[in-house]
Amino acid sequence: LMLDAGLKEVRGWKWMVEWRERIWDPVVSGIFSRGKAELSQRDEATHRGLSEYLEQCARAEAAPRARLRELKHVGRPVYVWGAGTWTRRLLAEGEFDGLSVVAYVDSAAARLAPSWKVGKLIAPESVVPGEVPILIASAAFGPEITQAIREHLRLPNPVISLYE
């Protein structure tokens, strides 16, 4: 794919990352430079594998995106818990447009605040107990977030996951 974009590999790495207990993902990274790669550099297996991976990602993202559309249709205000890469991507793609977001919630709100440009970003302790649902936008940490909401913060708010 990078070759198709006119880039050639300078250096590449592959490793596995454990996001949480027993949840592992392969990670590939690299440094590329502009320029034509030599034909011997073309790796059809990786090209095919990355293309398949992108197709799988699109299929996996379909359900959470559909869930967001449902929530927008209901029109009820929500807190969105999780201000990481996935939430930022959905924001950039306009997926939260039309959703009545009271605030975005993240345990790293103080660290993320300087780069946060959309809506209000608050720490978990600032969520107001009540009837406003909390939408969990994290695929990797949903169970831990739910546990924090119920056991640590003791919030009575309804909890909705994008991944149910």
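Because the structure is predicted, anything quoted here is derived from the model rather than measured.

### What about the pattern of salt bridges?
Side-chain pairs of opposite charge can arise where the charged atoms are in close proximity. Tallied over the full model, the rule gives six salt bridges. We note a salt bridge from Arg 89 to Glu 61, for which the minimum N-O separation is 2.6 Å. Here the residue Arg 89 occupies a position in helix H2 (residues 85-92), and Glu 61 occupies one in helix H1 (residues 44-74), the gap between them amounting to 28 residues. Classification of Arg 89 by relative accessible area gives partly exposed; the value is 35%. Relative accessible area serves as the criterion here: at 13%, Glu 61 is assigned to the buried category. Across the pair Glu 93 and Arg 89 runs a salt bridge whose closest N-O atoms are separated by 3.0 Å.

### Regarding the layout of surface pockets
The calculated volume of the largest pocket comes to roughly 1400 Å³. If you go around the largest pocket, you meet 39 residues; those closest to its centre are Trp 19, Thr 85, Trp 86, Ala 139 and Ala 140. For the lining of the largest pocket, the secondary-structure elements that each account for two or more residues are strand E1 (7-20), strand E2 (23-34), H1, H2, helix H3 (109-112) and helix H4 (142-152). Among the residues forming the lining of the largest pocket, the class breakdown is 24 nonpolar, eight polar and seven charged.

### Brief notes about the nonpolar core
Of all hydrophobic cores here, the largest spans 20 residues; its most connected members are Val 80, Phe 96, Leu 99 and Leu 135. The set of elements that each furnish at least two residues to this core consists of H1, strand E3 (78-81), H2 and H3. Broken down by element, this core gets its largest block of residues, three residues, from H2. Once residues lying within four places of it in the same chain are set aside, the contact partners of Val 80 are Thr 87, Phe 96, Leu 99, Val 101, Ala 103, Tyr 104, Val 105, Leu 135 and Ala 137. Counting residues in hydrophobic clusters, the runner-up holds eleven residues, among them Trp 81, Ile 134, Ile 136 and Leu 155.

Reading the values: rules and limits
Residues numbered from 1 in each chain as written. Predicted model: local features only at pLDDT ≥ 70, side-chain atom pairs only at ≥ 80, totals over all residues. Heavy atoms only, no water. Salt bridge = Lys/Arg side-chain N within 4 Å of Asp/Glu carboxyl O. Helix = DSSP H or I, 4+ residues; strand = E, 2+ residues; numbered from the N terminus. Buried < 20%, exposed > 50% of the residue type's maximum accessible area, 1.4 Å probe, protein only. 1 Å grid on protein atoms, 1.4 Å probe; cavity = no way out; pocket = protein on both sides within 12 Å on 5 of 7 lines; lining within 4 Å. Points joined across faces, edges and corners; volume = space filled by probe spheres on them. Nonpolar A, V, L, I, M, F, W, Y, C, P; charged D, E, K, R; others polar. Core = buried A, V, L, I, M, F, W, Y, C linked by side-chain atoms within 4.5 Å. Contact = heavy atoms within 4.5 Å.

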